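Fold and contact review
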Amino acid sequence: MTNESKPTLVLEHVTKRYGDFTAVDDLSLQVRSGRVFGLIGPNGAGKTTTIRMIVNITVPDSGRIELFGQAMETRLQDRIGYLPEERGLYRKMKVGEQLKFFAELKDVRGKEADARVDRWLAKLQLSDWKNKRAKDLSKGMQQKVQFITSVIHEPDLLILDEPFSGLDPVSVDLMKETILEQKGSGKTIILSTHQMEIAEKLCDDICMINKSRKVFDGKLREVRRSFAQNAVALRVEGSDGSLNDPELITNVRQNGDDTEVLLTADANPQILLKRLVDANVKITKFELIEPTLHDIFVAKVKESA
Amino acid sequence: MKKFFAVVKREYVQRVRTKFFVIATILGPLVAVGFTVVPALMIGLKTGGPARIAIVDQTGNMYERVATEINNSEERPQPQPTMPNMTPPGPAGARGRAQQTAKLVKADYALERVDLDGRTLDEVKTSLDARVASRDLDSYLILPPNLLTGGEPEYHARNTADMITKEQLQRSISQAVRSQRLVDNGIEEKKLNELSKPIHLKASGVGGEEGKGEAGFFLVFGAAMLIYMSVLLYGQVVLGAVIEEKETRIAEILFSSMRSFPLMMGKLIGVSLVALTQLGIWALTFVAVSVSVTGFSFSMPISPLLFIYFAVFFLMGFFIYATVYAVVGSMVTTTQEGGQLAMPVVLFLIAALFVSFNIIRSPNSPLAFWASMFPFFAPITMLVRITTETPPAWQIILSLTIGFATVVGLVWLASRIYRVGMLMYGKKATIPEVWRWVRQA
């Protein structure tokens, strides 16, 4: 792991109990600045509780949370933007006033707040809706307004819990773009989602928790590699007798046009490639298979069930 | 602190700007007037002009006296069918309303003398019955020859259920008979009038502040009604304001921005300012109308000091009870549940009124002292003590301190329950659970 950036957030041995139920158990993790950190896990794993401790809604029973190099305290809340999974708007309040109110709650006020409201509404193509009541907006539009509430004060740490739910594909793309823009301007982002394809595209680092405990964490690429089985996706024309060597290959499976070949644990895929070339087979595809985040997620949850 | 003001501002501005607020502000006084005047009108209105009553005088000399008494009976004070809980504070308004109502109740009588003229009583009765049946007459009275010596007059009417008329006739005849008996016993007519003049009891405080007690009673009653009314009107609003973020699921965003205590306090203050704005508009309207109706002679019915006490204790009472609604709101998830839960607490206010009757009689008893220190009673009971026998200043200050400390304590409690409750979404809280939350949060 490189140390090119200081961690924005550090959790050390954090534990939170509600009565007899342990929601988060001895969780330690680091979120490095300027990166997108994916927090994944099945429902009830303890993600929301973890996030609530990070935004200082609840306090851990034990362990330590350090944000921007300081111990957690109320004042630091103004530097966090939080889009909770449970979210809503004041139904009868106009969109513009609503956003200004949330800005004021984050200590942004006056003309500056007005300017930011206008800028963000324009950016998310909601300017025409500024003076409409929230209840007159479609669900997707409300989602976007809620997103603005979490970024209006330009927080250094942005925590997004299921930001894509209820959005149409165009809005999903707009949202992804906006998140990457935030990252580009140096913000740190914690993204919690069940949509693994999106997490895979956006996240630099990943942490999975299940049953209150951390399952794994690290850079997304390293995580995927560490879960990689020794497998190759092949597309060839001609004889493929070379796939019958039990020393090298344990299993062959057809997946659409591809042939998926599972190699023995310590076999080198290069040997397979060389054999195929030697056998004069026409190779149109030869790719080492890395498991998707989805696969890893499902495997891990099943494993612990 | 800035965030606290942001919450106050939002709660206030969003509510004051609604059509509901504007309509309620305009309609409120109209409804209040409607509730007091309309029932009075309904009771007082004689449909179809004066009651036409024929009097058959078999005594030969009582008609004049009875007729006079019946016509004079209008001047006597009547039982007032006002709605006490809608009476605005201050004796001026109450008294004006009472006189108004008396006028409304004033019944007109068209009396008619019927002599036997040689007919038998039964013949006369038959002819009068016919006239009543044909609606030429409403009723008739028969004064028997032995009226002065215990004979019972008869009353025949189409509508014998008209209690007011029956009552007035009975009183008038009694009075007439009593006077005639006195005259028959040698008392001069002039003397008689002097002797039967009613007296008026004039009450004054020992300190020379005349009529303080009376104004005090109206003040206390007014304060109680005002607190009761405004709590009923705005308690629900406070409840709704507290529940709003739960129902709209905004609570979590708010808690990621500020602590729950300033949030809760901001809500309470914001809604209360709305209430005070509305009450202020009503009070100013009331004063303006009074001034324009009575010329420019509107004067404060109570001393400025008493008015300040009134205002301070009203505020305390309002906040204490409004905060109860906030606590309830923090425990429940829907407004309906909350309304039911909060209702018993309002009973404290009614209990306070009952205790006051005891305190008026002995304002320095230990009961009076403790009742005026108990925050849920103090807004009423302390005012009673102040207006009857003003207690030492330290007691007043202590009572206020306890009262406002209770408000702060309840807000703290509400914010605590609210926060923990929010973290366990959608779960209805039981009392033991709430207690555990309060301790662990």
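Note that the structure is a prediction, hence the values are computed from the model and not measured.

Turning next to the sheet that holds strand β4 (residues 62–67) of chain A. Residues and elements named next belong to chain A. Taken in spatial order, the four strands of this open sheet run β2-β1-β4-β5, and their pairing is antiparallel. Every other strand in the sheet has two partners, leaving β2 (21–32) and β5 (70–71) as the edge strands with one partner each. Two strands pair when backbone bridges link them, and strand β1 (residues 7–18) and β2 are joined in this way by eight bridges, in the antiparallel orientation. The partner of Arg17 across the bridge, within β2, is Thr22.

The next subject is unusual backbone geometry. All names here are of chain A. Backbone geometry at His13 places phi at a positive 50 degrees, although glycine is not the residue there. Residue placement: His13 occurs in strand β1. Using a count of 12 C-beta atoms within 10 Å as the deciding quantity, one classes His13 as exposed. In the Ramachandran plot, Asn56 falls in the positive-phi region, its phi being about 70 degrees despite a non-glycine side chain. Along the polypeptide, Asn56 turns up in the loop between α1 (47–54) and β4. With 21 C-beta atoms packed within 10 Å, Asn56 lands in the buried category.

Each partner contributes to the interface: chain A provides 21 residues, whereas chain B provides 18 residues. Elements supplying a minimum of two residues to the side of chain A that touches chain B: β6 (80–83) and α2 (95–105) of chain A. The dominant element in the side of chain A that touches chain B, judged by the number of residues it contributes, is α2 of chain A, at three residues. Among the residues making up the side of chain A that touches chain B, the classes are represented as ten nonpolar, five polar and six charged.

Looking at chain A, the domain boundaries give domain 1 (7–225) and domain 2 (229–289). Here domain 1 of chain A and domain 2 of chain A have C-alpha centroids that lie 43 Å from each other.

A separate point is the packing of α2 of chain A against helix α3 (residues 110–123) of chain A. Residues and elements named next belong to chain A. At a minimum axis separation of 9 Å, α2 and α3 run at an interaxial angle of 125 degrees. The pairing of α2 with α3 is recorded here as oblique in orientation. Read as a crossing pair, α2 and α3 show a hand that is right-handed. Facing Gly96, Leu99, Lys100, Ala103 and Glu104 of α2, the residues of α3 in contact are Ala113, Asp114, Arg116 and Val117. Residue composition of the contact of α2 with α3, grouped by class: four nonpolar, one polar and four charged.

With respect to the element layout, Arg135 of chain B can be found in the loop between α5 (121–133) and β3 (139–143). Given 10 C-beta atoms within a 10 Å radius, Arg135 of chain B is considered exposed.

A word on the pairing of β1 of chain A. All names here are of chain A. Taking the residues between adjacent antiparallel strands as the criterion, β1 and β2 are bridged by two residues, where Gly19 takes a positive phi near 65 degrees. One ladder, built from five bridges, connects β1 with β4; its direction is antiparallel. Counted as the bridge partner of Thr15 is Ser62 from β4.

Turning to the packing of α2 of chain A against helix α4 (residues 139–151) of chain A, a few remarks are in order. Residues and elements named next belong to chain A. One can describe the packing of α2 onto α4 by two numbers: an axis separation of 9 Å at closest approach and a directional angle of 30 degrees. Between α2 and α4, the interaxial angle falls into the category roughly parallel. Classified by chirality, the crossing of α4 by α2 is right-handed. Note on element contacts: α4 touches α2 through Val145, Ile148 and Thr149, opposite Val95, Leu99 and Phe102. In the contact of α2 with α4, the residues fall into five nonpolar, one polar and no charged.

Let's shift gears to α2 of chain A. Most of α2 of chain A sits inside the fold, with nine of its eleven residues counted as buried. Taken residue by residue, α2 of chain A has Val95, Gln98, Leu99, Lys100, Phe101, Phe102, Ala103, Glu104 and Leu105 of chain A as its buried positions. In this structure, the buried residues of α2 of chain A make contact with α3 and α4 of chain A together with α1 (2–16) and α9 (251–255) of chain B. Immediately beyond the C-terminal end of α2 of chain A, within one or two residues, lies Asp107 of chain A, with a positive phi of roughly 70 degrees.

Residues and elements named next belong to chain B. For helix α13 (residues 366–373), the complete set of buried residues consists of Ala368, Ala371 and Ser372. The buried residues of α13 occupy an angular sector of 95 degrees when projected down its axis, which confines them to one face. Residues Pro366 and Trp370 are exposed on α13 and point more than 90 degrees away from its buried face. On the buried face of α13, the contacting elements are α12 (335–361), α14 (378–388) and α15 (393–423).

Parameters and conventions
Starting afresh in each chain, residues are numbered from 1 along the sequence in its written order. Starting at A for chains and at 1 for ligands, labels are handed out in the order in which the entities are written. For this predicted model, a pLDDT threshold of at least 70 governs which residues receive local features, and a threshold of 80 or more governs which side-chain atom pairs are given and counted, while totals over whole chains, interfaces and linings are taken from all residues. Any two strands with at least two DSSP bridges between them are considered paired. Here a strand is any run of E in DSSP of at least two residues, a helix any run of H or I of at least four, and the numbering for each starts at the N terminus. Exposed residues have 12 or fewer other C-beta atoms within 10 Å of their own C-beta, buried residues have 20 or more, and residues in between are partly exposed; the C-beta atoms are placed from the backbone. We call two residues in contact when their backbone-placed C-beta atoms lie within 7 Å. We call Asp, Glu, Lys and Arg charged. Ala, Val, Leu, Ile, Met, Phe, Trp, Tyr, Cys and Pro are nonpolar, and the rest, Gly among them, are polar. Each domain span listed reflects an automatic or database assignment of domains. Axes here mean lines fitted to C-alpha atoms, for a helix over just the part in contact, with angles spanning 0 to 180 degrees between N-to-C directions. Should an angle lie under 35 degrees it is considered roughly parallel, over 145 roughly antiparallel, and from 65 to 115 roughly perpendicular; all remaining angles are considered oblique. In a left-handed crossing the near helix is turned counterclockwise from the far helix by less than a right angle, and in a right-handed crossing that turn is clockwise. Starting at the helix axis, one direction is taken to each C-beta atom, and the arc is that of these directions.

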